[in-house]
Each structure stands twice: as C-alpha cells, then as structure tokens.
Amino acid sequence: MNSVILSAVIRALLELLGSPFRLSGHVFCSSPADHFSLLKNLATFSADSQAFFTDGLNGADFRTLEEHRTVILIDFDCPSSREILDNASQALYFNYKWILFHSSSEDIEEQVLETFADLPVLGSSEIFLLIPEGENVVVKQVYRHLLETPLLLETFGVWKGDQETLEDFRETPITSRRRQNVQKTVLRASMVITNNDSLNHLTDYRDKHIDTITKVNYILTNHLIDYVNASVEFLTVETWGYFNGSAWSGMIGELDRNLVHLGASPLFYTTDRIPVIQYIAMTTPTRSKFVFRSPKLSFTDNVFILPFDSFVWYSLITLMIILILVLTLATAVEWKSLPTDTQDSVTLRPKISEAFILVFGASCQQGSAHTPRGFSTRCITFLAFIALMFLYTSYSANIVALLQSPSTKIKTLSDLLASRLKFGVDDTVFNHYYFTHQTEPVRKAIYEQKILQKGTNPAFMPLEQGIKLLRGGLFAFHMETGVGYKVVTETFFESEKCDLKEIQFYELIDPWYAIQKNSSFKEVFKVGLFRMQEHGLQERENSLLYTKKPTCHGVGGNFITVGLVDIQPAMLILAWGIGISLGIFAMEYLAHRLKRSQRVV
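For the structure given in this document, a descriptive report is provided here.

**A word on helix H4 (residues 79-87)**
For the α-helix, the turn length of 3.6 residues means that residues three or four positions removed from each other point alike. Within the span of H4, buried status applies to Ser81, Ile84 and Leu85. Summarising the axial view, the buried residues of H4 lie within an arc of 95°, below the 170-degree limit, and thus occupy one face. With respect to the buried face of H4, the exposed residues turned more than 90 degrees away are Pro79 and Asn87.

Below, the structure written as structure tokens:
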C-alpha cells in the first residue's frame, strides 16, 4: 500500500471518527520518500491534529501521549512492531486508538490474528486493520470479550479507491453499543457476605436487615448481566477490602488481581481506592449515621429558667422590687396611725425584710406570717397576689409542657461528644475499620472516649441489641440507616418514632458500584446501570429492601414521668437553702451561747 493511498484511507477514517486527534506514527519500514509523503499528508489533516513519527516506542513514550485523543500508527511489516504490540498493556489498548497497516505484503489479517492471539485487546479496544483488496481497502477491527475468549473481527467500513470515500458499515458509531452483546461469556462477580444464611435469601426479601446492600446489588447485577447477554459466576468474600500495607484484601483485592470482573457489593468512595478500582455508578443511597432519641429538655437545659423570656424575668424582678418598696412605705405610714394595742406580732411591720417575705410568698402563691392591717396595704397585697398568680400559673403550666418536650441542642458531633448519652456501634467489618482509622479530632475523640471505653469491651454490638438500647433512650447507636430503620419500624411505638434524630459520622458519600480498573466493560456496564436507574429498577429494589426513616404521624406520645434529672435544679436550691439555714442557725446558736457565757461572768 503506497503512501498516497495509505494517507487517504487514514484521513477518511479519522474524519469518520469525527474528533481531533494527535497522530503518533512509529516503526516505519517504507522508503524515506514514502515516509515523507505520508508525514506531509497527515500533518495537515486538521488544525487540531498533530503528527510525528519515530522508529520505536517504549513505556516512556506512552506516558507522554494524551489518552483518548492519540492514534498510534504501526507498520506491521517491521519486525519491531510485534514487540511494541506484545509490550502494550491492557490500559494502553484501553486508552489509545491503533491503526495497523502493511507497507508491502497483503496478509495482514492472518498475521494480526496470530499476533493478537494472547494480547489484551478487549471490547473497549479501538484497533483498526487496513486490509487492501484490489483498489479498495477494508477497515476491520479486532477485539475479544475476555482474555480467554477467541478473537473477533468486525468490519468497520470499506474505502473505495474509485470514489476515494470510506463507506461506514457500523450499525451505530458507539463502540460499546456495538459490542454490548458478549454472547453468554461467563463473567465473575465478587460479593460481600457477612452471614452465610444470606446466600439462601438473596432474592426472597427475607431478613432484609442482614447483608442488605449485597442483596440489593445481587439483583441489580443479574439485571446488568442480562443487559449484556452474559453469564455470571458469583464469588463470596467476607470484607469489602482494605489495604494492609502490602496488598488489598477482600473484594477490592480480587478486583485488583483481576480475579473477578465486577464488585457486586458497592463500597464507599475513598481516595485510596481510586487507583485500584473503577467506580461507575451509585446504586444504593444509604448511609451510616448515629441515630438517637432526643433526650428530654431537662437533660440538657434547666427547665426552671426557660418558661419566661429574659425581659419577662427582668420585668418580674422589677415588679417585686416596686411592690416591696411601695408596701414598706405604705406600712410605715399606717404604722404611725395604728393604736399601740393593735401593733402585735402578726401585724406587718414597716420593714423591707417583712415586705420582701410577703411579696416573695405571693410570687409562690404562699401566705405570710404577717398581715397588713390598713386598707391601702391590703389593696397593695391583694393586687400583688392577683398579678403574681397569673405569672405563677403561666410558669407552672410551661414547666409541665417543658418536662414533656425533647431537647434540640444535640445537632453536631461535638454536641454528641459533650452529651451524657451512651454510645454503641453496629458490629460490622466496615464500622470496625473506619472507626479505628479516624484522624479528625472530634471523631477520634468519640471513638476513644465513647466507643473504646477504656477498661471495658468496645461498644460494638449486634443491630438488634443496639436498637433495643436506642429505644430505651439516652443512647446513640451508629448503624446503616436503611437497615436499622427496618427493625425500628417493627419495634418502636408510633410516639417513639417522632423524636428520632440523626447525625452523620463518616465523611463519605453513598456507596458506588465498582469494577476492575481499565475494564473493557466500563462503558457498557455504566450505561446498563444508568438505564436501570432511569427505568426504575434500581429504585424498586432499594425501596423493597431498604426502609426509610419512620415518619411522625402526630400520634400523641406517652406521658413522660418526672425523674431526678428533671428536678435537679429545684433539689439544688432546696439543698443550698437547707445548708444556708443550718449555717445561720449555727451562727445564731453560737452567738446566743456566747452572750449567755458573758452574762454569767
């Protein structure tokens, strides 16, 4: 094939592909004149295209090429071309387009099939063979579904010499659509099973709270296998996979070692996994969070100072001061006009201390040992009792309501750490891993202070036990919400569901479906998963196996009994009052004894 025809075919092929490319020509055995002619014709292909030619290609050359825009030209007549093709890895066939041609002989098809017999030219490969047939040139593509399956030849088009045009034979220009049917090729999928009995209930929707994420994606994986017309072999592992310093374990390890093609149990999207596996779609919108019942308001606040706004308290204190002063002044005036025989011990005296006791007793709706005798002082006392009665009633009613109210102060992880709640974590592999590898100060403190519990066993427990403690209150349980809410729905009263709160612990997005890095099935699997999402299959399986957070239907809750924690401020005031009273009594007693001893002397 001379350089004029070759350059014309390549130009027509690249125009049909329709993207600006960077041409990289390697290993040419043609004459210098043909070499120069080909270079001249291809270098002016497009303003965005580039072309350069070398006598060889190594790993360093590959690293300098741009992925997806580079087209590598190989003269199949040159002996070193076989070495280049043999040394190219699956990633190179995945990322670059290849054009193979003969500069002299015409048996390229047979030689290519022999050369590529053991090479990783998989379904995502774009390898074009230029095969002369008289005046025409047939453009074919070679690929295989898996390394162990035979090579397939696909006719891309025919360049007609008389018309100098390339006739497109493709059913669709999208390569992944043309190669979607893998003809019952057996694909291997790895899935994480933490309970062996789950293998008996992968599709019957029983025990939905056990291995839920695997059960959802087992069904989706089977839909995906049907979409590509493949067969599947499922392999089970116990963990999603973590790096142990030298290699990856679990499902990620199997994907990294090319033992399986799909990871049928989605996993969290973390930066350390990106170089090892390929995330293609989010299939299961579930997260792990701390779930707790909001504690009573008295657990976080002093309910005895909450009924009134600050300005109401200031107004109340001001009112009491005014009443004390006015009552003292009025009593002083009346005291002078009272007959001496009526100035007994029960009559209110013109002293601020006695007026204070009377007004303070009125604020508590209590009487006083001293009563006013005059009309004006009785009117003042009567108005004080009426005004303070309304305040007392409002205060008492508000206290009753507040004692039944939940607290809203626990909103962040810092609030959770500072609270007096006890902690528990669902006993799963990924919880053990992520809790022990926390470095952020608050999250690390939660693990060390609340979960690790120095001197006792770490607070990892089965799901049912954790939710039982959660129902009892004053307990925060970390669980996968879509799984845990299934047990919550079955065991909680309706009123108990209304005060459930969530705080996310992991800084991770929803789990994603993963496959091998540089997998030839990347595009077709991604399209298949997105189509399942668009058609509602993904939502159906997630809704059948995952339970959403229970909604509060406004059902009246159970009456909450008052405990010691609720009356703690009142008990403290009583204790301080008793202590101060005893102290004053002791001082008065000592003073009295001292006076008596002085009189005796």
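The structure having been displayed, the exposition proceeds.
**Observations concerning empty space enclosed by the protein**
Scanning the entire structure with this criterion turns up two cavities of 30 Å³ or more. Approximately 30 Å³ is the volume attributed to the second largest cavity. Every residue lining the second largest cavity is listed: Phe268, Arg287, Ser288, Gln504, Tyr506 and Leu508. Residue classes in the lining of the second largest cavity are distributed as three nonpolar, two polar and one charged.

**A look at the pattern of salt bridges**
Enumeration over the complete set of coordinates arrives at 14 salt bridges. Here Glu507 ties to Arg443 by a salt bridge, and the two come within 3.8 Å at their closest N and O atoms. Pair noted here: Glu507 is in the loop between strand E17 (500-504) and strand E18 (512-516) and Arg443 is in helix H16 (residues 441-451), with a separation of 64 residues, a long-range link. Judged by its relative accessible area of 66%, Glu507 falls in the exposed class.

**A look at the packing of aromatic side chains**
This model, assessed by the stated rule, comprises 29 aromatic pairs. On the basis of an interplanar angle of 90° and a centroid distance of 5.6 Å, the ring pair of Phe290 and Phe505 is categorised as edge-to-face. Taken together, the positions of Phe290 in strand E13 (residues 288-293) and Phe505 in the loop between E17 and E18 put the pair 215 residues apart, joining distant regions of the chain. For the ring pair Phe585 and Tyr589, a centre distance of 6.3 Å and an interplane angle of 25° mean the geometry is stacked. Separated by four residues within a single helix, Phe585 and Tyr589 lie in helix H22 (residues 568-600), roughly one turn from each other. What makes Phe585 exposed here is its relative accessible area of 53%. For Tyr589, a relative accessible area of 40% gives the class partly exposed.

**Let's talk about the sheet that holds strand E9 (residues 186-192)**
The mixed open sheet is built from five strands, whose spatial order is E10-E9-E11-E18-E12. Of all the strands in the sheet, the pair left with one neighbour each is strand E10 (231-237) and strand E12 (277-282). Between one strand and the next, the sheet's axes are offset by a mean angle of 30°, whatever the strand orientation. Here strand E11 (residues 262-267) pairs with E18 via three bridges, running antiparallel. Residue pairing across strands places Gly263 opposite Ala514, the latter belonging to E18. Set on the sheet, helix H8 (residues 212-227) makes contact with E9, E10, E11 and E18; between it and E11 the angle comes to about 145°. In this fold helix H20 (residues 522-534) packs onto E9, E11, E12 and E18, with an angle of close to 20° to the strand it touches most, E12.

Conventions we followed
- Residues numbered from 1 in each chain as written.
- Predicted model: local features only at pLDDT ≥ 70, side-chain atom pairs only at ≥ 80, totals over all residues.
- Heavy atoms only, no water.
- Buried < 20%, exposed > 50% of the residue type's maximum accessible area, 1.4 Å probe, protein only.
- Helix = DSSP H or I, 4+ residues; strand = E, 2+ residues; numbered from the N terminus.
- Arc of directions from axis to C-beta.
- 1 Å grid on protein atoms, 1.4 Å probe; cavity = no way out; pocket = protein on both sides within 12 Å on 5 of 7 lines; lining within 4 Å.
- Points joined across faces, edges and corners; volume = space filled by probe spheres on them.
- Nonpolar A, V, L, I, M, F, W, Y, C, P; charged D, E, K, R; others polar.
- Salt bridge = Lys/Arg side-chain N within 4 Å of Asp/Glu carboxyl O.
- Phe/Tyr/Trp six-rings, centres within 6.5 Å; stacked < 30°, edge-to-face > 60°.
- Pairing = 2+ DSSP bridges.
- Axes fitted to C-alpha atoms, helices over the stretch in contact; angles between N-to-C directions.
- Contact = heavy atoms within 4.5 Å.

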